[in-house]
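In case you want the letters, here they are:
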Amino acid sequence: MNIYKHEFKMHIRSVVTWSASLALMIFIFMSLFTSLAIDAELMNEMLAQFPEELLIAFGMTNLDWTSVLGYYSFIFLFCQLILAIQAGNYGFGLVSVEERELTADFLLAKPVKRSSILTSKFLAALTGLTVTNAVVWVSSILAVNLYRGERTYEAKPLFLLLLSIIIFQLVFFSVGLLISLLVKRVRSVTPYAMALAFGTYVLSAFGSMLGDAKLEKLTPFQHFEPNYIIANAAYNTPLVLISVALIVVSVTGSYLLYQKRNIPTPV
Amino acid sequence: MNIFLHELKANLKSLLIWCVIMLMFVSTGFAKFSAYEGNPELLAILDDLPPAMLAAFNFSAFNLTTVTGFLGVMYNYFALVLTIAAVMWGSDIIAKEERDKTVEFALTLPVPRSKLVTGKTLAVLVNCIALVLFTWGAAAANAAKYTPDEQFYDFLALSMLAIFVMQMVFLAVGILLGAAMKQYKRANSMAVSILLATFFISIISGLNKNLEFLKYVSPFTYFNPGTMLRELVIDMDYVWLSAGIVLAAMAGAYAAYKKRDLYI
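Once a new chain begins, its residue numbering starts again from 1 and follows that chain's sequence as written. Written order determines the labels here, with chains lettered from A and ligands numbered from 1. For a predicted model such as this one, the threshold for reporting local features is a pLDDT of at least 70, and the threshold for listing and counting side-chain atom pairs is 80 or more; totals across whole chains, interfaces and linings nevertheless cover every residue.

### Looking at the overall build of chain A
In this description a helix means any DSSP run of H or I spanning at least four residues, a strand means any run of E spanning at least two, and both kinds are numbered starting from the N terminus. Tallying secondary structure elements over chain A gives eleven helices and zero strands in all. In chain A, of all internal contacts separated by at least 6 residues, the share reaching a separation of at least 24 is 79%. Residue pairs are scored as contacts if the distance between their C-beta atoms, which are placed from the backbone, is within 7 Å.

As structure tokens, then:
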């Protein structure tokens, strides 16, 4: 419990910053909706003239810009990108921070099992992610309702989108944690998290450009494609299962690896 | 000179990793292009559109049935990945000394601090140049099998130049953050947030006509691949703007690092 509290305190500033910037982004993008929807007809025409590959790359295909949810799903892709970086950051930094700051031997000398250290840290980071998640929920629902004007929307696809966040975060978090335990030393967390998040994002954008590709099925951005969820009001279940499998494998792997990890000491 | 060489050696691994990433990226991209090449359906759609419209919307730039048009689409991704590399290197190169607790050692060397910054900057500069050249070579090599015309190579050269200018902007901003931010731990995440923010701004500025002024804020919008392809020129105004940003950031970095307090 002490570890949990300490870890959460360490995270809280970063959680606030990430949540605030996400909320800000949602509101800025949503506030453009009013002006966009007014000349949505024009917009639709203009978009029709854009090269299709560009639209696909930015998730702007099959989009009805006249509908709130159509527009929201476009924003949601960027939310996912930010959420992925945040979750990746926490995952990569979770245990590697102790080794980098040379506090690992202090922590591991405490009369606590390694597995419970990992669990406490894990739960603390998860709490942080959930706070961010909640902020995205609230600001999304607020922004959608604030800027939708007279337009109506269906609640189910929106909730499905928002519900997917937690799994999405967990994928990046646990994969990051696993990788950080696989490598010898993580000097700096951000490059890893950026590479993971942007790599999978670019891969997914690329994959959408050409229909059936195998490699792209691995990226979580494809598992929770906003357009698909909005259009079908359902998840793409087989792909979501890949994400769940990734989480299970990474978490078990992390526990196993952390039990046996060699910890370098400062002296 | 020693600092420069040392940093080059220390960053070699990271450079190699980025090269591998770019190589994979370029080859998968061009492998995908094979499905587009000479695709009759796409060609038919393009033929149906009036030429004026094609020009107005850069459509011809992104004619995916030609290897040149395909590069036009890839440009955005190249720019994103390569600038990430630049901003990471820039923000890390100075901040890492404090993180790895080697800063006392580095600063007790009989060289002025400004020389330290110069050596480190040159090292990451060489890294950036190497990565761009590598990407250039990889793209040219991968495109070779589609027998591209003269225009492709000109456009490739121009887009690499544009991306290099963008890299310089982000590199300089990264170095400034590393040198000036009180908490070295924040420099890295700050650099990333700036990159993300400018990336989103580049998207917003395209959405609404009233927000077009935002394009000056984001280096991602400085060079339009469509114009570059059609006219084969690089917009000099933005090159000067970028140079201004780079100079200002570097001057700031030197000034800040000279007075930097170290918490050991």
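### A short note on the overall build of chain B
Across its full length, chain B carries ten helices and zero strands. Order of helices (α) and strands (β) in chain B, N terminus to C terminus: α-α-α-α-α-α-α-α-α-α. Within chain B, the proportion of its 264 residues that are buried is 41%. Within chain B, counting contacts between residues at least 6 apart in sequence, those at least 24 apart form 77% of the total. Around each residue's C-beta, the other C-beta atoms within 10 Å are counted; 20 or more make the residue buried, 12 or fewer make it exposed, and counts in between make it partly exposed. All C-beta atoms are placed from the backbone.

### Observations concerning the environment of Met30(A)
Residues and elements named next belong to chain A. Assignment of secondary structure puts Met-30 in helix H1 (residues 2-38). Residue classification places Met-30 among the buried residues on the basis of 22 C-beta atoms within 10 Å. With 42 residues separating them in the primary sequence, Met-30 and Tyr-72 have C-alpha atoms 7.4 Å apart. Not counting chain neighbours up to four residues away, the residues in contact with Met-30 comprise Ile-75, Ala-143, Val-144 and Tyr-147.

### Quick notes on the confidence of the model for chain B
Residues and elements named next belong to chain B. Across chain B, the average pLDDT comes to 84, with 87% of residues at or above 70. Below a pLDDT of 50 lies the segment residues 53-61, which in the model reaches 16 contacts outside its immediate sequence neighbourhood of four places, other chains included. As a predicted assembly, this complex carries a pTM of 0.83 together with an ipTM value of 0.76. Confidence of the predictor at the level of single residues is captured by pLDDT, which takes values from 0 to 100.

### Regarding the environment of Ala187(B)
All names here are of chain B. By the element assignment, Ala-187 lies in helix H8 (residues 184-207). Ala-187 sits in the buried class, given 27 other C-beta atoms within 10 Å. Sequence separation of Ala-187 and Ile-175 is twelve residues, and the distance between their C-alpha atoms is 9.0 Å. Filtering out sequence-adjacent residues up to four positions away, Ala-187 remains in contact with Ser-91, Ala-95, Leu-177, Gly-178 and Met-181.

### A few points about the nonpolar core
In this usage, the nonpolar core is the set of buried Ala, Val, Leu, Ile, Met, Phe, Trp, Tyr and Cys residues whose C-beta atoms join them within 7 Å. Residues Ile75(A) and Ile175(B) are the most contacted members of the largest nonpolar core, which totals 135 residues. Of all the elements, helix H4 (residues 67-99) of chain B adds the most residues to this core, at 19 residues. In this structure, Ile75(A) is in contact with Ile26(A), Phe29(A) and Met30(A), ignoring residues within four places of it in sequence.

### A closer look at the packing of helix H6 (residues 113-143) of chain B against helix H7 (residues 150-180) of chain B
All names here are of chain B. Contact geometry of H6 with H7 gives a least axis separation of 10 Å together with a crossing angle of 155°. Here H7 runs roughly antiparallel to H6, going by the angle between their axes. Crossing geometry of H6 relative to H7 is assigned as right-handed. On H7, the residues touching Val-117, Thr-121, Val-124, Cys-128, Val-132, Thr-135, Trp-136, Ala-139, Ala-140 and Ala-143 of H6 are Phe-152, Leu-156, Met-160, Ile-163, Phe-164, Gln-167, Leu-171, Ile-175 and Ala-179. Residues are grouped as follows: Ala, Val, Leu, Ile, Met, Phe, Trp, Tyr, Cys and Pro are nonpolar; Asp, Glu, Lys and Arg are charged; every other residue, Gly included, is polar. Residue classes in the contact of H6 with H7 are distributed as 16 nonpolar, three polar and no charged. Interaxial angle, 0 to 180 degrees, is taken between N-to-C directions of lines fitted to C-alpha atoms, where a helix line uses only the stretch in contact. Oblique is the label for every angle not falling under 35 degrees (roughly parallel), over 145 degrees (roughly antiparallel), or within 65 to 115 degrees (roughly perpendicular). Crossing handedness: left-handed means the near helix sits turned counterclockwise from the far one by under a right angle, and right-handed means the same turn made clockwise.

### Quick word on helix H6 (residues 114-147) of chain A
When the terminal C-alpha atoms of H6(A) are compared, their 49 Å separation across 34 residues agrees well with the 50 Å that a helix rising 1.5 Å per residue should span. Two residues or fewer after H6(A) comes Gly149(A), characterised by a positive phi angle close to 65°. Take the residue count of a helix, subtract one, and multiply by 1.5 Å to get its expected span.

### A look at the packing of helix H4 (residues 68-100) of chain A against H6(A)
All names here are of chain A. Taken N-terminus to C-terminus, the directions of H4 and H6 make an angle of 165°; their axes are 11 Å apart at the nearest point. By the criterion of interaxial angle, the relationship of H4 to H6 is roughly antiparallel. Considering the relative orientation of H4 and H6, their crossing is right-handed. Residues Val-68, Tyr-72, Cys-79, Gln-86, Ala-87, Tyr-90, Leu-94 and Val-95 of H4 form the contact with H6, whose participating residues are Lys-121, Ala-125, Gly-128, Leu-129, Thr-132, Val-136 and Val-144. Here the residues of the contact of H4 with H6 sort into eleven nonpolar, three polar and one charged.

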